[in-house]
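The residues making up each chain are set out below.
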Amino acid sequence: MKKNKIFYLASFCVILLLSTLIFYQQLSVNRTYHRFLKQYHLTENDIHYAHKSISVGGKGLIFYQASIPALKIVHKIDKLIMRQNGENISFQMQGLQINVLQTLRHLYGQQIIAETENYKPFEDALSKPLISLGLMGIFHLKGEAVLVFNPATKPLTANAQISLPHLAEIQLSFPITPYKTQNKSLLQAFLGEVSEISVELMDNGLFHKYADYLQIIGSEKAKTYSTELLRHANFIRKIRFEKPIYLKDFSHFKQVKK
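Throughout, a residue's number is its position along its own chain's written sequence, starting from 1. With the structure being a predicted model, the display of local features is reserved for residues of pLDDT at least 70 and the display and counting of side-chain atom pairs for 80 or more, all residues being used for whole-chain, interface and lining totals. With hydrogens and water set aside, each side-chain value is computed from the structure's full complement of heavy atoms.

### With respect to the sheet that holds strand β2 (residues 60-66)
Then step 1. The antiparallel open sheet is built from 9 strands, whose spatial order is β1-β2-β3-β4-β5-β6-β7-β8-β9. Each edge of the open sheet carries a strand with a single partner, namely β1 (51-54) and β9 (234-246). On average, each strand axis in the sheet is inclined to that of its neighbour by 15°, with strand direction left out of account.
Then step 2. Bridge count between strand β5 (residues 140-149) and strand β6 (residues 156-164): 6 bridges; the pairing is antiparallel. Bridged to Val146 within β6 is Gln161.
Then step 3. Packing against the sheet, helix α2 (residues 100-108) makes contact with β4 (88-99) and β5, and its axis sits at approximately 105° to β4.
Then step 4. Contacts are assigned to residue pairs that have any heavy atoms within 4.5 Å of one another. Helix axes are fitted to C-alpha atoms over the stretch in contact, other axes to C-alpha atoms as well, and angles between N-to-C directions run from 0 to 180 degrees. To qualify as a helix, a DSSP run of H or I must reach at least 4 residues; to qualify as a strand, a run of E must reach at least 2; elements of each kind are numbered from the N terminus. Against the sheet, helix α5 (residues 206-217) engages β7 (168-176), β8 (193-203) and β9, with an angle of about 110° to β8. Strand pairing is assigned whenever DSSP identifies at least 2 bridges connecting the two strands.

### Remarks on the confidence of the model for the chain
Then step 1. Averaged over every residue, the pLDDT of the chain is 85; residues scoring 70 or more account for 84%.
Then step 2. Confidence scores differ between elements of the chain, with helix α1 (residues 2-39) showing the lowest mean pLDDT of 64 and β5 the highest of 96. pLDDT is a residue-level measure of predictor confidence that goes from 0 to 100.

### Observations concerning the pattern of salt bridges
Then step 1. Only one rule defines a salt bridge in this text: a Lys or Arg side-chain nitrogen within 4 Å of an Asp or Glu carboxyl oxygen. Under the criterion given, the structure shown has 6 salt bridges.
Then step 2. With a closest N to O distance of 3.5 Å, Lys221 and Glu123 form a salt bridge. Note that Lys221 is positioned in helix α6 (residues 220-229) and Glu123 in the loop between α3 (112-117) and α4 (129-135), a separation of 98 residues in sequence.
Then step 3. Exposure classes here rest on a 1.4 Å probe applied to the protein chains alone. A residue is buried below 20% of its type maximum, exposed above 50%, and partly exposed in between. The class of Glu123 is partly exposed, set by a relative accessible area of 44%.

### Quick look at α5
Then step 1. Helix span, as expected, comes to 1.5 Å for every residue beyond the first. For α5, built from 12 residues, the straight-helix expectation of 16 Å at 1.5 Å per residue is met to within 8% by its first-to-last C-alpha distance of 17 Å.
Then step 2. Within α5, the full set of buried residues consists of Leu206, Phe207, Tyr210, Ala211, Tyr213 and Leu214. Around the axis of α5, the buried residues are gathered within 155° of arc, so they sit on the same side.
Then step 3. Downstream of α5 by a residue or two, Gly218 has a phi angle that is positive, lying close to 90°. Working note: the arc is built from the helix axis to C-beta atom directions.

### Focus: the pairing of β4
Then step 1. When strand β3 (residues 75-85) meets β4, the two strands line up antiparallel, connected through 10 bridges. Looking at the pairing, Arg83 lines up with Ser90 of β4.
Then step 2. Adjacent in sequence and paired antiparallel, β3 and β4 are bridged by 2 residues, among which Gly86 carries a positive phi angle near 65°.
Then step 3. Sheet analysis places β4 next to β5, joined by 9 bridges and oriented antiparallel. Bridging from a neighbouring strand, Asn99 pairs with His140 of β5.

### Quick notes on the nonpolar core
Then step 1. Put simply, buried Ala, Val, Leu, Ile, Met, Phe, Trp, Tyr and Cys residues joined by side-chain atoms within 4.5 Å make one nonpolar core. If you look at the biggest cluster of nonpolar residues, it comprises 62 residues, and the most contacted ones within it are Phe36, Leu80 and Phe91.
Then step 2. Excluding residues within four positions of it along the chain, Phe91 makes contact with Leu80, Ile81, Met82, Ala145, Val146, Leu147, Phe149 and Leu186.

### Comments concerning α6
Then step 1. Buried residues of α6: Ala222, Ser226 and Leu229, and no others. Taken around the axis of α6, the buried residues stretch over an arc of 70°, which confines them to a single face. Relative to its buried face, α6 has exposed residues pointing more than 90 degrees away, namely Glu220 and Thr224.
Then step 2. Taken together, the buried residues of α6 touch α5.

Given below as structure tokens:
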């Protein structure tokens, strides 16, 4: 009988301790979360997720089964890790999935036919990446991505690393010229325009897919591009677009007037 009492008492103490630890951890997570929202002028609706936790070291937040509903890009992220390191903030996306076909419908609607007809092979490969993917027959993307930037810099310069298995390893760097009228939200800092981009791309199958698309076109110019593309295993270039890419076109955000 005495042993049973000791067992029940020990069990109660263990349960009480575990409950206290769970409660304290959840309280710490919520405090960090709301501090993060306040610091970057975000709302609870800006990031959807199944549940959240604090990253190792307590310097970041982890959102599981996450998405950013303001984006027109149809996506889901198994694990979204947001960290602050000095003045920089990073978005690490593990298990990123993008539905290219649905995204094209969201972006262009009935204009998608006109957009594809006006597409310039090779020249528009980077300025219209989603249309490029669709023309290659790539309707779903799966991979990992990391986006790093300092929200205080003007213009904001974003650096990204993207890993797409069986397609490519990509590094990007691009300045974003902000609109004169916008609020302080971290996400809305990306409503500006991109006039140039530095790209380093290591091919892992993507060049062959684009070359196949160029061959289908059948023109001599397209065949020349296709042959030249297959001679390389990487692509390193700084490109200035004839027409800037307006990032607001990829989101549901509205410009905020002062």
